[in-house]
Amino acid sequence: MSPQKSADDSGVLVQLGPRTYEVKVVTGQTAQFGAFVKEALERTWAGSSCRRALVVTDSHLADLGVPSAYEAALAAAGISPETVIMPPGERSKSLECAGQLYDFLVSRSADRHVLVVALGGGVIGDLAGFVAATYARGVPLVMAPTTLLAQVDSAIGGKVGINHPLAKNIIGAFHQPAGVWIDTNTLASLPERELRCGLAEVVKYGVILDQDFFAELEQGVDLILARQPQVIRQIVRRSCQLKAAVVASDEREETGRRAILNFGHTVAHAIEAVAGYGGAFEHGEAVAVGMVAESRLAVRLGWIGQELVERLARLLARFGLPTHAPGLDPRRLLEAMNCDKKTDRGKLRFVLPRSIGKVELTDLAREQDVMAVLESL
Ligand code: GLY
């Protein structure tokens, strides 16, 4: 991955017929955000009728003064913004916080012609997106993700939702945004741990879809960790292209194609559930361990050799990500997976690698193999 390569600043399109939208990857051009939003709205039913925007952000970004540049850009484009600041963290993905946003919109007599702008990480995108999906049966949404994980994953593809106290992401909708505005400058101040968590999803794209990208990541570790702007833009953009293509081929996760994005996630969700959300493992860290564990399962199925697991684990470790999760009871991990499997007609299903760049959805893994892998975590 060479920083000399010129960046291609054109947008990535998520091709969904009448719901097609652009993912724009920029570095510090917030003044153009208003024009981007106006153009994005023109492609939706709302056209130019949106004159008001609710900007949803969190107190961390507000303390850094981030929202004001977005507000100014919207105002300059003739869209009058009002900002609501939510507490940072997973707890804001609640019915209570959604209720606060509904209250705000009702108090302003907002009708269907109000735009919701989600300015923040995955929590803000999911929460604000859910409100946009449900208020007045759906209002336009623009995502402005500010963490690497949100930029390469959650802001693209229309999955929005909140948590039930007993189940994560269980209340939600598919609501595609009108556009996604990614400013990679927001990553400059991202805490190390959050950057690493996003990198786990970036590595995932290499494994599931693109062996050249995986090799580029191997070559670019130092520049990526140094947050070299052009290299960061390149990996964000490539990840967005890969996600956009998957979403375009299976928008609502109905054919199994979109499910390939869940590589590493079956084990990851179990780790998060057993270790406790917001506890020892952040989502991206659990995904890193999960990808290694699920690759080991592929070895047991005879799909790949051990050297592929080692190559993957080496890259994740170089990014500072964990590849093991010692101390978690394998039986409880299996139970947590079996809770998930209810939705899959009683079978454990995994997305497993056939090679770097190619994965397959399978229910062939035997419970004793899964258990053996969990015991080796
Ligand atoms: N994050 C997985 C998906 O969007 O389908």
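Refer to the preceding data block for the structure.
First, a word on what this report is: a plain description of the structure on this page.

Quick notes on the rules
- Residues numbered from 1 in each chain as written.
- Predicted model: local features only at pLDDT ≥ 70, side-chain atom pairs only at ≥ 80, totals over all residues.
- Heavy atoms only, no water.
- Helix = DSSP H or I, 4+ residues; strand = E, 2+ residues; numbered from the N terminus.
- Buried < 20%, exposed > 50% of the residue type's maximum accessible area, 1.4 Å probe, protein only.
- Contact = heavy atoms within 4.5 Å.
- Near = heavy atom within 4 Å.
- Polar contact = N/O pair within 3.5 Å; in protein donor to acceptor, adjacent residues only side chain to side chain.
- Areas by Shrake-Rupley, 256 points an atom, 1.4 Å probe, with all protein chains shown as cover.
- Nonpolar A, V, L, I, M, F, W, Y, C, P; charged D, E, K, R; others polar.
- Salt bridge = Lys/Arg side-chain N within 4 Å of Asp/Glu carboxyl O.
- Phe/Tyr/Trp six-rings, centres within 6.5 Å; stacked < 30°, edge-to-face > 60°.
- Pairing = 2+ DSSP bridges.
- Axes fitted to C-alpha atoms, helices over the stretch in contact; angles between N-to-C directions.

### What about the environment of Leu-312?
Its location among the elements puts Leu-312 in helix α12 (residues 306–318). Given a relative accessible area of 0%, Leu-312 falls into the buried group. Residues Leu-312 and Pro-353, 41 residues apart in the sequence, show an inter-C-alpha distance of 11 Å. Beyond its immediate chain neighbours, meaning those up to four positions away, Leu-312 contacts Val-203, Val-207, Phe-214, Phe-263, Met-291, Val-292 and Ser-295.

### Topic: the site of the ligand
All residues adjacent to the ligand are Asp-153, Lys-159, Lys-243, Glu-253, Arg-258 and Leu-261. A distance of 2.9 Å separates an oxygen atom of the ligand from a polar atom in the side chain of Lys-159. Between Arg-258 and the ligand, the recorded distance is 2.7 Å, taken from a side-chain N or O atom to an oxygen atom. Against a free-state accessible area of 200 Å², the protein chains account for coverage of 85% of the ligand. Split into classes, the residues belonging to the shell around the ligand amount to 1 nonpolar, no polar and 5 charged.

### Examining the pattern of salt bridges
Across all of its chains, the model carries 18 salt bridges by this definition. Salt-bridge contacts for Glu-90 lead to Lys-168; the nearest nitrogen and oxygen are separated by 3.9 Å. Placement of Glu-90 in the loop between β4 (80–86) and α4 (95–107) and of Lys-168 in strand β8 (residues 167–174) is noted, with a sequence separation of 78 residues between them. The closest approach of N and O atoms between Lys-204 and Glu-201, which form a salt bridge, is 2.9 Å. Residue Lys-204 and its partner Glu-201 are both found in helix α7 (residues 192–209); the two are separated by 3 residues, about one turn of the helix. Judged by relative accessible area, Glu-201 falls into the buried class, the value being 0%. Three or more residues joined by partner-sharing salt bridges are found here, namely Glu-90, Lys-93, Asp-126, Lys-168 and Glu-272.

### Let's talk about the packing of aromatic side chains
Per the stated rule, a full pass over the model turns up 3 aromatic pairs. Between the aromatic rings of Phe-33 and Tyr-70, the centroid separation amounts to 5.0 Å while the plane-to-plane angle is 70 degrees, which identifies the pairing as edge-to-face. Residue Phe-33 is found in helix α1 (residues 33–42), and its partner Tyr-70 is found in helix α3 (residues 66–76); the two are separated by 37 residues along the sequence. For the pair shown, Phe-33 and Tyr-70 are each scored as buried. Ring geometry for Phe-33 and Trp-181: centres 5.6 Å apart, planes at 65 degrees, overall edge-to-face. Remark: Trp-181 occurs in strand β9 (residues 179–183) and Phe-33 occurs in helix α1; sequence separation between them is 148 residues.

### A few points about the pairing of β8
A regular strand places its side chains on the two faces of the sheet in alternate fashion. Taken together, the 5 bridges between strand β7 (residues 159–164) and β8 define a ladder with antiparallel strand orientation. Within β8, the residue paired with Gly-161 across the bridge is Gly-172. In this structure, the hairpin formed by β7 and β8 is closed by a connection of 2 residues.

### Structural notes on the sheet that holds strand β3 (residues 52–58)
Across the sheet, which stays open at both edges, the 7 strands sit in the order β1-β2-β9-β6-β5-β3-β4 with mixed pairing between neighbours. Edge positions in the open sheet fall to β1 (12–14) and β4, since each of these has one partner strand only. The sheet shows a mean angle of 20 degrees between the axes of neighbouring strands, direction not considered. The pairing of strand β5 (residues 114–120) with strand β6 (residues 141–145) spans 5 bridges and is parallel. Bridge assignment links Gly-120 to a residue of β6, and that residue is Pro-145. Each of β2 (21–26), β5, β6 and β9 touches α1; the most contacted strand, β9, lies at about 160 degrees to it.

Geometric values such as these leave the question of function open.
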